[in-house]
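Coordinate analysis (summary)
Residue strings, one per chain:
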Amino acid sequence: QGLLDGLRMDGLALLPWSEGCRQWQARVIKLAKLDDGDWPDVSDRALLENLESWLAPFLAGMRSQQDLQRLPLQDALDLLLSPEQKHYLQRNMPASITIPTGRQVRLDYTGDTVVLAVKLQELFGLRALPVIAGGKMAISAHLLTPAGRPAAITDNLERFWRENYSAVRKDLRGRYPKHPWPEDPLAAEATVLTKRHLNGGKRSP
């Protein structure tokens, strides 16, 4: 009870929130706004108001704030959803998606839009971004330079390739000459490699 009182006084920041837990919270909140299902309110305010029902069972044997750091917070949060809701959440608001290079990339749900941050070359060959929530929500692609710096933002990848890529290509070819900048990105293979590595170690002409 003392730990519960302390949480009410000092807030949920005392809990061992991971990036994954915060993303889970944002995914559920976003999906609940779009779906007619009986989704629980997992906002910080609601979680604080209902500590006894979802958190208290996990506090057995804990006596101090330090003990809270070994709390399996994601397990406690997961129990707020039914098995059907967990499956629906993963299908409609996936934690990550597979991009053309085969790499799994986490989506960021914590802002106003859902963000996929990847290096521009990793999306070569991809005509359209995946849709989520059954098409009710779009993904915003934050396209990065080979150095990981912002190069462009788009929620319509096909239009970006058609209307904006040539200008971005012109700018970045000079700054990152070791990386591939094909004229037709849809016909190119997605990669994170330099031109030299793509040529099997041989220098490009």
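Heads up: the structure comes first, above all this text.
Remember, predicted model here, so these are calculated numbers, not experimental data.

Here's the deal with a nonpolar patch on the surface
Taken together, the side chains of V192, L193 and L198 make up a nonpolar region of the molecular surface, amounting to roughly 250 Å² of accessible area. Along the chain, V192 turns up in the loop between α8 (157–175) and α9 (195–198).

Remarks on the nonpolar core
Ranked by internal contacts, the top residues of the largest apolar core, which has 56 residues, are L15, W54, L116, L120 and F160. Of all the elements in the fold, those that place two or more residues in this core are α1 (2–10), α2 (19–34), α4 (51–54), α6 (73–78), β3 (114–119), β4 (139–144) and α8. Ranked by residue count, the leading element in this core is α8, at six residues. With near-sequence residues (within four places) excluded, L116 lies in contact with I97, I99, V105, L107, L129, I139, S140, A141 and H142.

Remarks on the packing of α2 against helix α7 (residues 83–92)
As a packed pair, α2 and α7 sit with axes 11 Å apart at the nearest point and diverge in direction by 90°. Taken together, α2 and α7 sit at an angle that is classed as roughly perpendicular. Residues W24, R27, V28 and L31 of α2 form the contact with α7, whose participating residues are Y88, L89, Q90 and N92. Residue classes in the contact of α2 with α7 are distributed as five nonpolar, two polar and one charged.

Description of the sheet that holds β3
On the basis of which strands lie adjacent, the open sheet formed by three strands has the order β3-β4-β5 and mixed pairing. Strands at the two margins of the open sheet, each flanked by one partner only, are β3 and β5 (150–154). Pairs of neighbouring strands in the sheet enclose a mean axial angle of 20°, with direction left out of account. Packing of α8 onto the sheet brings it into contact with β4 and β5, and relative to β5 it is tilted by some 165°.

So, how was this worked out
- Residues numbered from 1 in each chain as written.
- Predicted model: local features only at pLDDT ≥ 70, side-chain atom pairs only at ≥ 80, totals over all residues.
- Heavy atoms only, no water.
- Patch = residues over 30% accessible without salt bridge, like charges linked within 9 Å, V, L, I, M, F, W, Y side chains within 5 Å.
- Areas by Shrake-Rupley, 256 points an atom, 1.4 Å probe, with all protein chains shown as cover.
- Salt bridge = Lys/Arg side-chain N within 4 Å of Asp/Glu carboxyl O.
- Helix = DSSP H or I, 4+ residues; strand = E, 2+ residues; numbered from the N terminus.
- Core = buried A, V, L, I, M, F, W, Y, C linked by side-chain atoms within 4.5 Å.
- Buried < 20%, exposed > 50% of the residue type's maximum accessible area, 1.4 Å probe, protein only.
- Contact = heavy atoms within 4.5 Å.
- Axes fitted to C-alpha atoms, helices over the stretch in contact; angles between N-to-C directions.
- Parallel < 35°, antiparallel > 145°, perpendicular 65-115°, else oblique.
- Nonpolar A, V, L, I, M, F, W, Y, C, P; charged D, E, K, R; others polar.
- Pairing = 2+ DSSP bridges.

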